[in-house]
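Listed here are the chains, written in short residue letters.
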Amino acid sequence: MDGKRPPPERNSLEWFKGAFKYQGCGKEMEAMRHREFSRLTGITYLDHGGATLYAHSQIHHFYQELAENIYGNPHSANVASQLTHDTIEHVRYRILQHFNTSPEEYTIIFTSGSTAALKLVAESFQWNRAESGDSRSRFCHLTDNHTSVVGMRGLSALAGALTIPVNHIEIYEDKNKNIPVGKEENCHTHHLFCYPAQSNFSGTKYPLSWIRDIKSKKLSPFSKIPGKWYVLVDATSFVSTSPLDLRLYQADFIPISFYKIFGFPTGLGALLVKNESGHMLEKRYFGGGTAASYLSGEDFYVPKQSVSDRFEDGTISFLDIIAVNHGFDALDKLTGGMQNIMLHTFSLARYTYIILSGMCHVNGMPVARIYSDNEFETPDSQGPIINMNVLDEKGGIVGYAKVDKLANLYNIHLRTGCFCNTGGCQQHLGISNEDVKKNLKAGHVCGDSLDLIDGHPTGSVRISFGYMSTFDDAQTFLKFIIDCFVKQPVCFDKDTLSKLTRCGTMKESDKSWADNLTDGKTKTMSSEIAATCNSARIEVPQYQNFSDHQSELNKNLETSKLIYHDSESITLANIYLYPIKSCAAVEVKKWPIGKHGLLYDRNWMIVNQNGVCLSQKQEPRLCLICPHIDLDQGIMTINAEGMDPIIMPLEEGDGKQFPLQFCQTKVCGDRVKGLDCGENVARWISTFLGRQTFLIRQSSNFHRPLKKLHTQVQNQALTQSSSLSLVNESQYLLINMASILHLKERILQRGGTTDSNSAEALTTEGLIHRFRANFVISAMRPYEEDDWATIDIDGVSFQIVGLCSRCQMICVNQENGKRSTEPLQTLFSSRDGKMTFGAYLLHQPPATSGHCAILAVGSQVHVRKREKRTTTPSAGQ
């Protein structure tokens, strides 16, 4: 014996833990991540399916090249233009090389993205417009396709083609194929089948062998349709993390987008066209650079011979094309190639899938419903995408919008909705065509936050990994799921831990890809995988003790109930206004009502250099900017620590002293007209925030109507005449002191504070400030304001037009600008998944004009209940 420890048995857990250097948390990976993606510090980015991230060196080398060279228009003949032309041709060759093909086999047509490439094919494909069924072209597409693929039917139908959507289970080998000799050769009908190499919804990889089998008509339903089939493979999602070999799988048309592969440039894609299929694209429009010759006074036009020259209208984005070269450089240098990226990202997804699919609530109910067509056994059939919905302990769906809001608290970037893939969404969530139409009538449109209708989900949650993702990213996401959606202790089903252990003793189907892990760059999965159970607080379920555990929970809940004392009346306890949107509050004892709300409430806002309104979501230090209004002197004084005060007039002026600079911007999707408040105050705010900013005030003659989602209120004439300031949703926001106390008690029961960075005590006043309300009232019961229809404050009437759905802004400490996870996390858990707190008010002015109403602290509040609740999907103001 030489005393050396024998190497771990291949495919044992020890082997797996040391199998990937470019994996998880290895030192090389950590160093690369710190060097190239330092901007990810404190952030868990899991939306690589939407857009992956560019490396620092990639951008640096690109701009260095631009600084050292002169690139002219490639249509010119000077030296600078020739350099551009030659560089573009080199990039074309490199793209083909990346996909293991050559200019003899394929041609690159640069487009603005994969969507433009798909549109090009739909517009140019030689569809047959015959009336008879056999002679009519078919546009066939998989139902699990991106919107941009399905949208091709609008153009194909216009050209006379018949659209045939198919589910993947409808595609099978036709063993009875019997086509008469010579019939196919004489048929001039052209058909096109489009499918994704990888579903952007679930990550399922569809067989690339379909390309050959469909073209040779071995598969049904294609074998039953006379004519010649061409195949378009949407490779946009697939090539972001997987190698595509076009020598083995020769599709006719392949659209791609480069930002999906290496993050930059955006707005540039390509259509790869098989040369022998290029004749199927017939050009109609011709732009600059595409004509060999044409006449402007006669219908005479001769296109250029090259397919790329014919279809690249005008001057292509030549600087972006040059950036593609640096993208490939970064991939090769940092990862060693697409095979390594595929293994790395799949391993992270597989690990996350095993943990997540086996995670249970203490009563044995699953924590998540994962939408997948396989068990994540091999990267040949599954990409690094996990699509899911979170389930509560009763098996109910937790809406994706709520998951997204809570993920923001943890700085987790993910994606929700249907991901521009309605077919995949319908397939996995069981949404019928009638359901889609019914949901539209209920107000749900693609991209909104209406996540549940009658308890049924309208979408889901998707996480996706990229080449710079780490094992810590997977762990952070799993910990987030446990912290926010699982009542301790978290459990696993009986097979999960054994599956996790068998990550090393992989199934036979895994060995083919595991055996490839021999490159020094690709060896290691984090050693922390062995400590997963501890770090994620995982426990094996002990269902025999469930009744005892539930009894203890009930006992604790019973002893923690609050007692609220009834009072004879409800009073107005506090009045706050926020002159500058998202900045500090001004507390007053009495204050006049203006035409938009409280006088001067949110009349100003801070915008960045692009004119985009800033809020505490992007810039939490806004809460440290403290305005003060002096009505007698007609001035607003702005203070901040370390800054000299700056004074501004309350009125906008007539433009005589200095010209008024009008500007257009948006607040919560609404267009607003504003006035630039000048260079002095812009410089003051920019100095304090450390970024270029400007102060804008709302123009006095601009009418901003109430949002449409509030139009289902009792007084329709009121909603039409009402005008908003720079608030998010409505003129006023009210909260209830009893609700504040209830929430505070729940936070303390959970053992939390509202500041994760310190042990400072949770105060009622601090909690009130986080909800940024105009009125704090002292009602008798928590959340009774949810059921009110109208309120009257000392004779001034208000109509309640909805409840305020909260976001991560309430987790900013208004005293120091620090973020935490409270109180949003407790609000979600204590209200059975609801995230509403406070009510929106609209002022009901008297029928006759009179003096300006003034509200005062201590005023009596009279309420009238309503029969049905109205909840609005909004955010903090």
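Residues numbered from 1 in each chain as written. Predicted model: local features only at pLDDT ≥ 70, side-chain atom pairs only at ≥ 80, totals over all residues. Heavy atoms only, no water.

Colleague: Where do I start with the overall build of the protein chain in this structure?
Modeller: For the protein chain, the helix and strand inventory stands at 25 helices and 41 strands. Within the protein chain, counting contacts between residues at least 6 apart in sequence, those at least 24 apart form 74% of the total. As presented, the protein chain carries roughly 39,100 Å² of accessible surface, and 51% of it is formed by carbon and sulfur atoms. (Helix = DSSP H or I, 4+ residues; strand = E, 2+ residues; numbered from the N terminus. Contact = heavy atoms within 4.5 Å. Areas by Shrake-Rupley, 256 points an atom, 1.4 Å probe, with all protein chains shown as cover.)

Colleague: Help me understand the packing of aromatic side chains in this model?
Modeller: Aromatic rings considered in pairs are described by the distance between their centres and by the relative angle of their planes. Taken as a whole, this structure holds 30 aromatic pairs when the rule is applied. Ring geometry for Phe125 versus Phe253: centroids 6.4 Å apart, planes at 85 degrees, classification edge-to-face. A residue pair is termed long-range when its members are at least 10 positions apart, and Phe125 in the loop between helix H5 (114–124) and strand S3 (138–142) and Phe253 in strand S9 (residues 253–257) qualify at 128 residues. Residue classification places Phe125 among the buried positions, given a relative accessible area of 1%. Accessibility expressed as a relative area gives 0% for Phe253, which makes it buried. Through a chain of ring-to-ring contacts, three or more aromatic side chains come together here, namely Phe193, Tyr195, Tyr206, Trp210, Phe222 and Trp229. Sitting over the ring of Tyr54, Arg39 keeps its end group 4.3 Å from the ring centre. Directly above the aromatic system of Phe311 lies the positively charged group of Lys283, at a separation of 5.4 Å from the ring centroid. (Phe/Tyr/Trp six-rings, centres within 6.5 Å; stacked < 30°, edge-to-face > 60°. Buried < 20%, exposed > 50% of the residue type's maximum accessible area, 1.4 Å probe, protein only. Lys NZ or Arg CZ within 6 Å of the ring centre and 35° of its normal.)

Colleague: Any chance you could explain the sheet that holds strand S30 (residues 646–649) here in plain terms?
Modeller: The strands that make up a sheet are held in pairs by hydrogen bonds between backbone atoms, and each pair lies either parallel or antiparallel. Pairing is antiparallel across the open sheet formed by three strands, whose spatial order is S28-S29-S30. Both edges of this open sheet fall to strand S28 (626–630) and S30, since each of them pairs with a single strand only. Taken over all neighbouring pairs, the strand axes of this sheet differ in orientation by 25 degrees on average, direction set aside. Two strands pair when backbone bridges link them, and S28 and strand S29 (residues 635–639) are joined in this way by five bridges, in the antiparallel orientation. Along S29, the bridge assignment pairs Asp630 with Ile635. Its contacts with the sheet put helix H21 (residues 679–689) on S29 and S30, and the angle it makes with S30 is roughly 140 degrees. (Pairing = 2+ DSSP bridges. Axes fitted to C-alpha atoms, helices over the stretch in contact; angles between N-to-C directions.)

Colleague: Is there a simple way to think about the packing of helix H4 (residues 79–98) against helix H11 (residues 318–335) in this case?
Modeller: How two helices pack is summed up by the angle between their axes together with the distance between the axes. The interhelical angle for the contact between H4 and H11, taken along N-to-C directions, is 40 degrees, at an axis separation of 9 Å. Accordingly, the angle class assigned to the pair H4 and H11 is oblique. Along this stretch, H4 crosses H11, giving a crossing that reads as left-handed. Where H4 approaches H11, its residues Thr84, Thr87, Ile88, His90, Val91, Arg94, Ile95 and His98 are matched on the opposing element by Phe318, Ile321, Ile322, Val324, Asn325, Phe328, Asp329 and Asp332. When grouped by side-chain class, the residues that make up the contact of H4 with H11 number eight nonpolar, five polar and three charged. (Parallel < 35°, antiparallel > 145°, perpendicular 65-115°, else oblique. Left-handed = near helix turned anticlockwise from the far one by under 90°. Nonpolar A, V, L, I, M, F, W, Y, C, P; charged D, E, K, R; others polar.)

Colleague: Would you mind going over the pairing of strand S2 (residues 106–111) with me for this structure?
Modeller: Each regular strand displays side chains that alternate between the two surfaces of the sheet. For S2, a buried count of six out of six residues is recorded, marking the element as mostly surrounded by other parts of the structure. Here S2 shows a buried face lined by Tyr106, Ile108 and Phe110 and a second buried face lined by Thr107, Ile109 and Thr111. Across six bridges, S2 lies against strand S10 (residues 269–274) in antiparallel orientation. From the neighbouring strand, Thr111 faces S10, where its bridge partner is Gly269.

Colleague: Honestly, the packing of helix H12 (residues 338–358) against helix H16 (residues 471–485) in this entry has me stumped. Any pointers?
Modeller: Two elements in contact, H12 and H16, have axes whose closest approach is 10 Å; the angle formed by their N-to-C orientations is 20 degrees. As summarised for this structure, H12 and H16 are arranged roughly parallel, according to the angle between their axes. By crossing handedness, the relation of H12 to H16 is classed as right-handed. In this structure, H12 uses Leu348, Tyr351, Thr352, Ile355 and Leu356 to contact H16, whose residues at the interface are Phe471, Ala474, Gln475, Phe477, Leu478 and Ile481. Considering only residue class, the contact of H12 with H16 consists of nine nonpolar, two polar and no charged.

Colleague: Please explain unusual backbone geometry as it appears in this structure.
Modeller: With the exception of glycine, most residues fall at negative phi, and the peptide bonds are largely trans. The step from Ser220 to Pro221 runs through a cis peptide bond, and the omega angle for that step is 10 degrees. For Pro221, the location among the structural elements is in the loop between strand S7 (219–220) and strand S8 (228–234). In this chain, Phe264 is followed by Pro265 through a cis amide linkage whose omega measures 10 degrees. Topologically, Pro265 is positioned in the loop between helix H9 (259–262) and S10. Of note, the phi angle at Phe376 is positive, near 55 degrees, even though the residue is not glycine. You can see Phe376 is positioned in the loop between strand S14 (368–370) and strand S15 (385–391). The exposure class of Phe376 is buried, given its relative accessible area of 1%. In this structure, Ser582 takes a positive phi of about 70 degrees despite not being glycine. Note that Ser582 resides in the loop between strand S24 (570–577) and strand S25 (586–588).

Colleague: Explain the pattern of salt bridges to me, please; I cannot follow it from the model alone.
Modeller: A pair can form between side chains of opposite charge whenever their charged atoms are brought close. Applying the stated criterion to the full structure yields 20 salt bridges. The salt bridge partner of Arg691 is Glu619, with a shortest N-O separation of 3.3 Å. One end of the pair, Arg691, is in the loop between H21 and strand S33 (693–698); the other, Glu619, is in the loop between strand S27 (604–608) and S28, and 72 residues separate them in sequence. Classification of Glu619 by relative accessible area gives buried; the value is 10%. Residues joined in a network through salt bridges with shared partners are Glu89, Arg92 and Glu312. (Salt bridge = Lys/Arg side-chain N within 4 Å of Asp/Glu carboxyl O.)

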